[in-house]
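Coordinates in review
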Number of protein chains: 2
Amino acid sequence: MSDLDLSLYLVTDPGLSRGRSYEFMVEEAVKGGVTVVQLREKNLSSRKFYELAKSLMSLLKPMNIPLIINDRLDIALAVDADGLHIGQSDLPYHIARKLLGKDTIIGLSVETIEQAREANRLDVDYIGLSPVFSTNTKRDINRPLGLSGVKEIASFTKHKTVGIGGINNANAKSVIASGAHGVAVVSAIVSHDNPRKAASELKTIIDSAK
Amino acid sequence: MSDLDLSLYLVTDPGLSRGRSYEFMVEEAVKGGVTVVQLREKNLSSRKFYELAKSLMSLLKPMNIPLIINDRLDIALAVDADGLHIGQSDLPYHIARKLLGKDTIIGLSVETIEQAREANRLDVDYIGLSPVFSTNTKRDINRPLGLSGVKEIASFTKHKTVGIGGINNANAKSVIASGAHGVAVVSAIVSHDNPRKAASELKTIIDSAK
C-alpha cells in the first residue's frame, strides 16, 4: 500500500470513549480528518470482536479509510480488513505476511532504536514508533523514544512511520517535524467532548507541519 | 477427519496444572492414552500462544495425536494445527470453515439441545457437549446437560460427540453409555499427581464402556 496515508491514525479504546459507541467515535473522527483507523480490542469475545470489525468495515469502506486490526490476524482475515498491526509480543511478522499475503497492510510497533533497525529487514508497510512520549493509555511499554528517537529512526528507516504515545495538539507538530509521516492518537480524540473537532484540529496541525 | 478418535480428549489448563509445563502434561497424558489434545489459552500474548502451539505440534505430530486450538483461528493457521475448537461466542462456524478449508478439524461446543439441533445443519467434525456435569473448571457456562441431555443429543445428532464438564473416573462410563463417542477432561488429568496414570485409568474405563 504505497498510497497509505498515515497522517492522522486513530486507535480505538472503548475504556476511554466515555460510553460512546465505536461506530460513533470512528465516524466522527473520520469526518474530522482521520486517515486510518486501528481497531484495538483486548476484552471482547472473538464473536463480538468479529461483529464489531465487520460493522466498522461497512462504515469505513465507503469512506475509503483503511481499517487495521490490532494483533488478531483471525479477525483481520474474517472481515477482510485492510491491514493488521502487530506488536513485538504478537505473531511473528513473517507468519503474518505469509497468512495475509502481500496486498494486506502490515504495521509493526517498534519500541527501541534497535527494533527499528531490525524492521529494515522486513517488508512491513509502516512502523509505529511507540511510545514517543509517556502516556497513561497503554502502560505495558518501554521508555519513551522522545523526539530524538523519532529523529534518529527517521534518519535510517526505509519504512513509513507513525508516532504514538502521548501525542496531542500541543506536540503533534514536533513529531511530524522530527520526521514521522503521521501521528497516532487514542485519548486525544476518543476522550474529547467533540471527537470530530479534535480530529480536525489535529489534522490541520499535521498538514501544516508537513 | 472420519478417523478422528475422540475417546479421551485432553483440554489444557495451566492454572490447574500445579506448575507443571504444558509439554510435560501433554506428553504424559498422551503416553497414558489421550487421543486428542486441545490447547485452550486465554491469558498468553499471541506470540507466546504461537510458540507454545508450535512446541506442542512438534511434540504431538510424531505421536500421531491431533492438536486442536481453542478459539484462536490465527494460531491454528500459524502452526498448521490439526483443528480448531469454537464455542458459541467465538468466530461463526462458516467463517472458520471458509478460512481453514475442508481438511481441518472443526469442533463446536453446544450447551443446549437446541444448539445441538442447529449443529446438524453444519458440517462440523464433532460437537462438544458442554457441560455434562457441573464443574469448577469453567464457570461461564450454562446449566449442565446431564446424562439425559447427552442421550437426547446422541439420539438425533449426525456428528461425533465428546462430553465435557465434571467428568472423572467415577462417571466417565456413564457418559459413554449415554451415547458420547468420547469424554473430554481438564482437571481429572492435569491436576492429578500422575497425569499419565490418570489418563490410562480413564482410557481403560472408556474403552471397556464402548
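Whatever comes next refers back to the structure up there.
Each chain has its residues counted from 1, following the order in which its sequence is written. As they are written, the chains are lettered A onward and the ligands numbered 1 onward, keeping that order. Given that this is a predicted model, residues contribute local features only at a pLDDT of at least 70 and side-chain atom pairs are listed and counted only at 80 or more, while totals for whole chains, interfaces and linings are drawn from all residues. Side-chain calculation: all heavy atoms of the structure are included, whereas hydrogens and water are not.

For the rest of this paragraph, the subject is the interface of chain A and chain B. Across the boundary between the two partners, chain A contributes 19 residues, which contact 19 residues of chain B. Put simply, buried area is the surface a 1.4 Å probe can reach on two separate parts but cannot reach once they are joined, added for both. Carbon and sulfur atoms make up 61% of the surface buried where chain A meets chain B, a total of about 1600 Å² over both sides. Three residues stand out in chain A for area buried against chain B, namely A:Arg47, A:Asp74 and A:Leu91, and they jointly supply 31% of the buried area on that side. By definition, a salt bridge exists where a carboxyl oxygen of Asp or Glu is found within 4 Å of a side-chain nitrogen of Lys or Arg. Joining chain A to chain B, the criterion identifies one salt bridge. Secondary structure elements are taken from DSSP: a helix is a run of H or I of four residues or more, a strand is a run of E of two residues or more, and numbering for both begins at the N terminus. Breaking the side of chain A that touches chain B down by element, the ones donating at least two residues are α2 (46–60), α3 (73–79) and α4 (93–100) of chain A. Looking at the side of chain A that touches chain B element by element, the count peaks at five residues for α3(A). Two residues form a contact once any of their heavy atoms are found within 4.5 Å.

Residues and elements named next belong to chain A. Aromatic pairing here means that ring centres of Phe, Tyr or Trp (its six-membered ring) are within 6.5 Å. Orientation follows from the plane angle: under 30 degrees is stacked, over 60 is edge-to-face, and everything else is tilted. All told, the structure shown has two aromatic pairs over all chains when counted by the stated rule. Note on tyrosine 9 and tyrosine 126: the rings are 5.7 Å apart at their centroids and 65° apart in plane angle, and the pair reads as edge-to-face. Taken together, the residues span a long stretch of sequence, with tyrosine 9 in strand β1 (residues 8–11) and tyrosine 126 in strand β6 (residues 126–129) at a distance of 117 residues. Exposure remark for tyrosine 126: the relative accessible area of 0% places this residue in the buried category. Both a distance and an angle decide whether a charge sits over a ring: NZ of Lys or CZ of Arg must be within 6 Å of the ring centre and within 35 degrees of the ring normal. One Lys or Arg, arginine 117, reaches over the ring of phenylalanine 156 and ends 4.2 Å from the middle of that ring. Only protein chains enter the calculation, and the probe is 1.4 Å; a residue is then buried if its accessible area is under 20% of its type maximum, exposed if over 50%, and partly exposed in between.

Now for the pattern of salt bridges. Taken as a whole, this structure holds 21 salt bridges over all chains when the rule is applied. Note that B:Arg72 is salt-bridged to A:Asp74, the shortest N-O span being 4.0 Å. Remark: A:Asp74 occurs in helix α3 and B:Arg72 occurs in the loop between β3 (67–70) and α3 (73–79); the pair is interchain, linking two chains. A:Asp74 gets classed as buried once you look at its relative accessible area, which sits at 0%. For A:Lys197, the salt bridge identified is with A:Glu201, shortest N-O distance 3.5 Å. Linking A:Lys197 with A:Glu201, this pair stays in helix α9 (residues 195–209), spanning four residues, or about one helical turn. What emerges from the salt-bridge pattern is a single network uniting A:Arg72, A:Asp74, B:Arg72 and B:Asp74.

Another point: the packing of helix α1 (residues 22–32) of chain B against helix α2 (residues 46–60) of chain B. All names here are of chain B. Where helices are involved, their axes are fitted lines through C-alpha atoms of the stretch in contact, as for all axes, and angles between N-to-C directions lie from 0 to 180°. Contact pair α1 / α2: the axes reach a minimum separation of 10 Å and the direction vectors enclose 30°. On the basis of the axis angle, α1 is roughly parallel to α2. Pair α1 / α2 crosses with right-handed handedness. Here Tyr22, Glu23, Val26, Glu27 and Val30 of α1 come into contact with α2, specifically with Leu52, Ser55, Leu56, Leu59 and Leu60. Classes in brief: Ala, Val, Leu, Ile, Met, Phe, Trp, Tyr, Cys and Pro nonpolar; Asp, Glu, Lys and Arg charged; the others, Gly included, polar. Looking at the contact of α1 with α2 residue by residue, the classes come out as seven nonpolar, one polar and two charged. Working definition: roughly parallel below 35 degrees, roughly antiparallel above 145 degrees, roughly perpendicular at 65 to 115 degrees, and oblique for all remaining angles. A clockwise turn of the near helix away from the far one marks a right-handed crossing, whereas an anticlockwise turn of less than a right angle marks a left-handed crossing.

Here the focus is the relation of the copies chain A and chain B. Superposing the copies works by least squares over the C-alpha atoms of residues that have pLDDT at least 70 in both of them. Taken as rigid bodies, chain A and chain B are interconverted by a rotation of 180° and an axial shift of 0.0 Å, the fit giving an RMSD of 0.0 Å. Accordingly, the operation relating the two chain copies is best matched by a two-fold axis. The position closest to the rotation axis in chain A is occupied by the C-alpha of A:Asp74, lying 2.3 Å away. A symmetric contact is evident, with 100% of the interface residues of chain A recurring at the interface of chain B.

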